[in-house]
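What follows is the residue order along each chain.
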Amino acid sequence: MFRYIVRRLLQMVLTFFGATFVVYALMFANIDDPFQALVGDRPLTDTQRAALNAQYHLDDGFLTQYWHYVTGLLTGDFGRSLTGRSIGEMLAQAWPVTIRLALLAIVIASVIAVGAGVLAGLRRGGAFDTVTLVLTLIVLAMPIVVLAPLAQLVFGIQLGWFPPTATRDANLYQLLLPALVLGTLVVATELRVTRASVAENLRADYVRTARAKGLAPKRVVGVHVLRNSLIPVITLIGVDIGVLMSGAVVTEGVFNIPGVGFNLLRGIRTEDGPLVVGFVSVLVIVFLVINLIVDLLYAALDPRIRYE
Amino acid sequence: MPGKSPWKVVASLAAIALVAAGCSGSTSDDTEVLPNSISIGIGEPSSLVPQNSVESNASQVLASLFYPLVRFDPKNKPYPVAAQSITHDKANRVWTVKLKPGFTFSNGEPVTADNYIDAWNFGAYGPNGQLASYFFSRIDGFADLQSKDPDDGGPEKAPEPKATKLSGLKKVNNLTFTVTLSENFAGWESVMGYDAFYPLPKAAFASEGVLKKEYGEAPIGNGPFKMKGTWTHDEKIVVEQVPDFKGTVPKIGGITWKIYQELGAQYADLMAGNLDVETKIPIESLGSASGDLGARLGKSPSSSFSFMGFPLYEDKWKNPQVRRALSMAINREEMTDQVFLGSETPAKSFVSPVVSGARPNSCGEACDYNPTKARQLYTANNGPKDIKIGYNADGGHKAWIDAMCNQIKGSLGVNCTGAPQPKLGTLVDKARAKEDVGLIRLGWAMDYPLMESYLGPLYTSDGSSNYYGYKNSTFDSLVRQGSAAPTTTQAEKLWREAEDLLVRDMPVLPLRFGQNVFGYSDRVTDVTMDLYQKVDIYSIDFAD
């Protein structure tokens, strides 16, 4: 187990540098004249451009720039955004609210998905199963760019149940509506997987054996079926946490949450290379760590799996 | 242990997640607006250093922290505010600025001529890279503060400029200084009303000519409000009234500038009563805004100007009659009503009518929709059968470009297609290299309320934004004569004559003038906006 973790950590280091290199190269190819974007339609003077290019090392070659960036990164310095703000500070300000939002969304989504999925799986073909099938289809078909403003309009403005926007230090209540909207990204898939898995396991041999032993139906479902059915779901939920952190671009914009998604979008819009690379680097780490945790959890849930 | 209690593992993970999500948020409600204070929505400013601010978000916040030398009356004529008087010599070359006595910065420092001179030198010095530095380019000695990169973007470092101080700025006494321009210019007083000309306190500088890094986080100004705390990035900037302010005292006790990423979120907060003023109603909400807001929806002219440049380096566009015919083929009213839902107005002149001396309909017949005449003129002069319209794909222009193409097809019976380029920079670079990009979509907003702010950069031969290559030496000299004229009345007359030449030559297609479309809550009243997309913080008041 220990050796397995060490091996994975070493792989993570490689993946991390590979990923930042690719992202850096992509941003480098995309960046054309970022300072022009800052001043709008008016052309910059040559002196201004020279001064700003020198400040951000923009007139160096690609490898030199990447070297500057990586050496900075290793000393914990993420560099400065093109508007002069320290990216390290921006990361520290943006991450907490995004993490809270994603965790809240995943808790809401998985409680609904597992609850409804188990019920639907137990009564396959029943009314509840059909209704959830239709609902998940609707949720899957509804893109979040539609759902988020719609939820804001109906629940935030017209009914007034929730505040229509949230801030960086939002409380649970302010984050509830954005988290619900964000949760719809993953709830349908999680629900369908739970349902399919429960339905399949109900027909498994060990369930028949358990029933034949005379175990109470509650125990058969609650312990034997559920435990085995949840293995694929847990994997899915783990990966979804990463998806939600990076996928909050639209939701954070609509509900005015200054988190990771918003900063990524801003960085791309304003050709702010250092900003985008900084946020993506951290996202890469988050993905890698979550993947590791999920794999370890997998072993905890299924005793047949052993890591060497 | 593994496999023994997976339930507990899962349950405790969920519990940790919930606790983390719920409890780590500070529950303090300091985002709430104080009772005698209002909230106005803005986007994240790019910088709060006046000499580095070139966009309206920063401009709005700075207007509350600083007190300008001049402000503008409803006819956009300048009048002194922080200045006691602004006088000039006969040639309009040497300007004397006298400051009102007794003014202080919010940290108690008295405002003196040195504060202005230091700030302007700092802004003009090329290596400081301040984005608004071009405003100082008319002052004598500006060129000596710049240096050119020897290998244009290469690794070699640009040499130090010759001087660190503008030779055109001279201190006379503590409250008086003179500004010598490199060329005579009648409109200099108006130019000094811009953000770049705000003074900086001694406390802003770490050493001579070097700004403190943290100054931009909580600027100290000479205005009616001062910062409460520092700039909370992406969230808010709170300002409160300066006690015993010597100038015009605003009616409100403070402003919370709430920062939004999207206009839609701002509109939602305005609807829900969490925001007092939204300065730009998003276009997708314009349809319902009059119903939502009623009388609290306001419109006022802004200085922005949308137009289409003809690539004059292409043979097919060399004939002015063809250009005129195309202009008559376009129904501007239909476009502003149907596509822009009344948020912009049709443009029928080459200079926005908001500035003093400009006319609303100088273009005359050539900008009126007349498909029959347009077609006659176009075929008679053998206009091109295929029209391309170049635009930048990242600015949301596709809808109206397509609509305009359809109008052209309908009126002239020729083919018309939109030709998107990824960015404005690409479009402009290709036009500069005289590539066939088609008509060039462009926009402009003035820097100071003078006709020259449009005529100079857009249409003179060496104009900074004349990408389409319009050259007319008579026009150039009229604009220059106007700038050097002894009075603004004479200047405006010459500038109007220059604009008449544009009507004859049609180097661009005027399309639309912008408007501020703003909304406010029922807590506030007397909300007005100026040409720079700023709320007038002196007139806004609480509703009873």
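Parameters and conventions
- Residues numbered from 1 in each chain as written.
- Chains lettered and ligands numbered in written order.
- Predicted model: local features only at pLDDT ≥ 70, side-chain atom pairs only at ≥ 80, totals over all residues.
- Helix = DSSP H or I, 4+ residues; strand = E, 2+ residues; numbered from the N terminus.
- Buried ≥ 20, exposed ≤ 12 C-beta atoms within 10 Å, placed from the backbone.
- Contact = placed C-beta atoms within 7 Å.
- Core = buried A, V, L, I, M, F, W, Y, C linked by C-beta atoms within 7 Å.
- Axes fitted to C-alpha atoms, helices over the stretch in contact; angles between N-to-C directions.
- Parallel < 35°, antiparallel > 145°, perpendicular 65-115°, else oblique.
- Left-handed = near helix turned anticlockwise from the far one by under 90°.
- Nonpolar A, V, L, I, M, F, W, Y, C, P; charged D, E, K, R; others polar.
- Expected span 1.5 Å × (residues − 1).
- Arc of directions from axis to C-beta.
- UniProt positions renumbered as here; feature names shortened; annotations may be inferred.
- Pairing = 2+ DSSP bridges.
- pLDDT = per-residue confidence, 0-100.
- Domains from an automatic or database assignment.

Caption draft 1: Up close: the overall build of chain A. On a plain count of helices and strands, chain A comes out with 13 helices and zero strands. Scanning chain A from its N terminus toward the C terminus, one meets helices and strands in the order α-α-α-α-α-α-α-α-α-α-α-α-α. The buried share of chain A, reckoned over its 308 residues, is 41%. Intrachain contacts of chain A at a sequence separation of at least 6 include 73% that bridge at least 24 residues.

Caption draft 2: Local environment of the nonpolar core. Residue and element names in this part refer to chain A. Core analysis: the largest hydrophobic core is formed by 219 residues, its most contacted members being Leu-101, Ala-102 and Leu-244. With 18 residues, helix 5 (residues 87–122) is the largest single contributor of residues to this core. If we skip the residues at most four places from it in the chain, Leu-101 touches Leu-175, Pro-178, Ala-179, Leu-182, Ala-248, Ile-257 and Gly-259. Core analysis: the second largest hydrophobic core is formed by five residues, Ala-51, Leu-52, Tyr-56 and Leu-82 among them.

Caption draft 3: Looking closely at the packing of helix 13 (residues 473–484) of chain B against helix 14 (residues 488–505) of chain B. All names here are of chain B. It is at 8 Å that the axes of helix 13 and helix 14 come closest, and there the two elements cross at 165°. Classed by the angle they form, the pair helix 13 and helix 14 counts as roughly antiparallel. Where helix 13 crosses over helix 14, the handedness of that crossing is left-handed. Taking contact as the criterion, the partners of Thr-474, Phe-475, Leu-478, Val-479, Gln-481, Gly-482 and Ser-483 in helix 13 are, on helix 14, Ala-491, Leu-494, Trp-495, Glu-497, Ala-498 and Leu-501. Split into classes, the residues belonging to the contact of helix 13 with helix 14 amount to eight nonpolar, four polar and one charged.

Caption draft 4: A look at helix 13 of chain B. Residues and elements named next belong to chain B. For helix 13, with 12 residues, the first-to-last C-alpha span of 16 Å sits near the 16 Å given by 1.5 Å per residue. All of the buried residues along helix 13 are Phe-475, Asp-476, Leu-478, Val-479, Gly-482 and Ser-483. For helix 13, the angular spread of buried residues about the axis comes to 165°, placing them on one side. Opposite the buried face of helix 13, at more than 90 degrees from it, the exposed residues are Ser-473 and Thr-474. Along its buried surface, helix 13 packs onto helix 12 (452–459) and helix 14.

Caption draft 5: Just the UniProt feature "transmembrane region" (unreviewed entry) in chain A, in detail. All names here are of chain A. Within the UniProt annotation, "transmembrane region" (unreviewed entry) is assigned to residues 12–31, 99–122, 134–155, 175–193, 233–255 and 275–301. Helix makes up 100% of residues 99–122 and strand 0%, with an end-to-end C-alpha separation of 34 Å. Structurally, residues 134–155 comprises 91% helix and 0% strand, and the distance from its first C-alpha atom to its last is 22 Å.

Caption draft 6: Spatial organisation of the pairing of strand 7 (residues 176–180) of chain B. Residue and element names in this part refer to chain B. Of the two faces of strand 7, the one holding Phe-177 and Val-179 is buried and the one holding Thr-176, Thr-178 and Thr-180 is not buried anywhere. Inspection of the sheet shows strand 5 (residues 94–99) paired to strand 7 by five bridges, in the antiparallel sense. Each residue of the ladder has a partner; that of Val-97, found in strand 7, is Phe-177. Across four bridges, strand 6 (residues 169–173) lies against strand 7 in antiparallel orientation. The partner of Lys-171 across the bridge, within strand 7, is Phe-177. The turn joining strand 6 and strand 7, which pair antiparallel and follow one another in sequence, is formed by two residues.

Caption draft 7: Inspection of unusual backbone geometry at higher detail. Residues and elements named next belong to chain B. For Asn-76, which is not glycine, the phi dihedral falls at a positive 65°. Mapped onto the secondary structure, Asn-76 falls in the loop between strand 2 (70–72) and strand 3 (78–80). Accessibility expressed as a C-beta count within 10 Å gives 20 for Asn-76, which makes it buried. Non-glycine residue Asn-92 carries a positive phi angle of around 65°. You can see Asn-92 is positioned in the loop between strand 4 (83–88) and strand 5.

Caption draft 8: Up close: the confidence of the model for chain B. For chain B, per-residue confidence averages 87 on the pLDDT scale, and residues scoring 70 or more make up 92% of the total. Low confidence marks residues 23–31 of chain B, where pLDDT is under 50. Its contacts with residues over four positions away, or in another chain, come to 11 contacts.

Caption draft 9: The arrangement of the environment of Gly463(B) in detail. All names here are of chain B. Locating Gly-463 in the fold gives a position in the loop between helix 12 and helix 13. Given 16 C-beta atoms within 10 Å, Gly-463 falls into the partly exposed group. Distance from Gly-463 to Asp-476, taken between C-alpha atoms, is 9.6 Å for residues 13 residues apart in sequence. Ignoring any residue separated from it by four or fewer positions in sequence, one finds Gly-463 in contact with Gly-456, Pro-457 and Leu-458.

Caption draft 10: Region of the structure containing the domain arrangement of chain A. All names here are of chain A. Split by domain assignment, chain A resolves into domain 1 (2–74) and domain 2 (90–301). Computed over C-alpha atoms, the centres of domain 1 and domain 2 are 32 Å apart. Contacts between the two partners involve 16 residues from domain 1, matched on the other side by 12 residues from domain 2. Listing elements by their share of the side of domain 1 that touches domain 2, those giving two or more residues are helix 1 (2–30) and helix 2 (34–39). The element best represented in the side of domain 1 that touches domain 2 is helix 1, accounting for 11 residues. Each residue belonging to the side of domain 1 that touches domain 2 can be placed in one class, and the counts come to 11 nonpolar, three polar and two charged.

Caption draft 11: Examining the confidence of the model for chain A more closely. In the predicted model, chain A carries a mean pLDDT of 83, and the fraction of residues at 70 or more is 94%. No element of chain A has a lower mean pLDDT than helix 2 of chain A, which averages 67, and none a higher one than helix 6 (residues 127–141) of chain A, which averages 90.

Caption draft 12: Structural detail: the sheet that holds strand 5 of chain B. All names here are of chain B. Here four strands make up an open sheet; going across it, the order is 4-5-7-6 and the pairing antiparallel. Two strands lie at the open edges of the sheet, namely strand 4 and strand 6, each paired on one side alone. For this sheet the average axis-to-axis angle between neighbouring strands, irrespective of direction, equals 20°. Against the sheet, helix 3 (residues 113–124) engages strand 5, strand 6 and strand 7, with an angle of about 170° to strand 6.

Caption draft 13: A look at the packing of helix 6 of chain A against helix 8 (residues 172–202) of chain A. Residue and element names in this part refer to chain A. Where helix 6 contacts helix 8, the two axes come as close as 9 Å, and the packing angle between them is 145°. Handedness of the helix 6/helix 8 crossing: left-handed. Mapping the contact onto sequence places Thr-132, Thr-136, Val-139 and Leu-140 in helix 6 and Thr-184, Val-187, Ala-188, Leu-191 and Arg-192 in helix 8. Looking at the contact of helix 6 with helix 8 residue by residue, the classes come out as five nonpolar, three polar and one charged.

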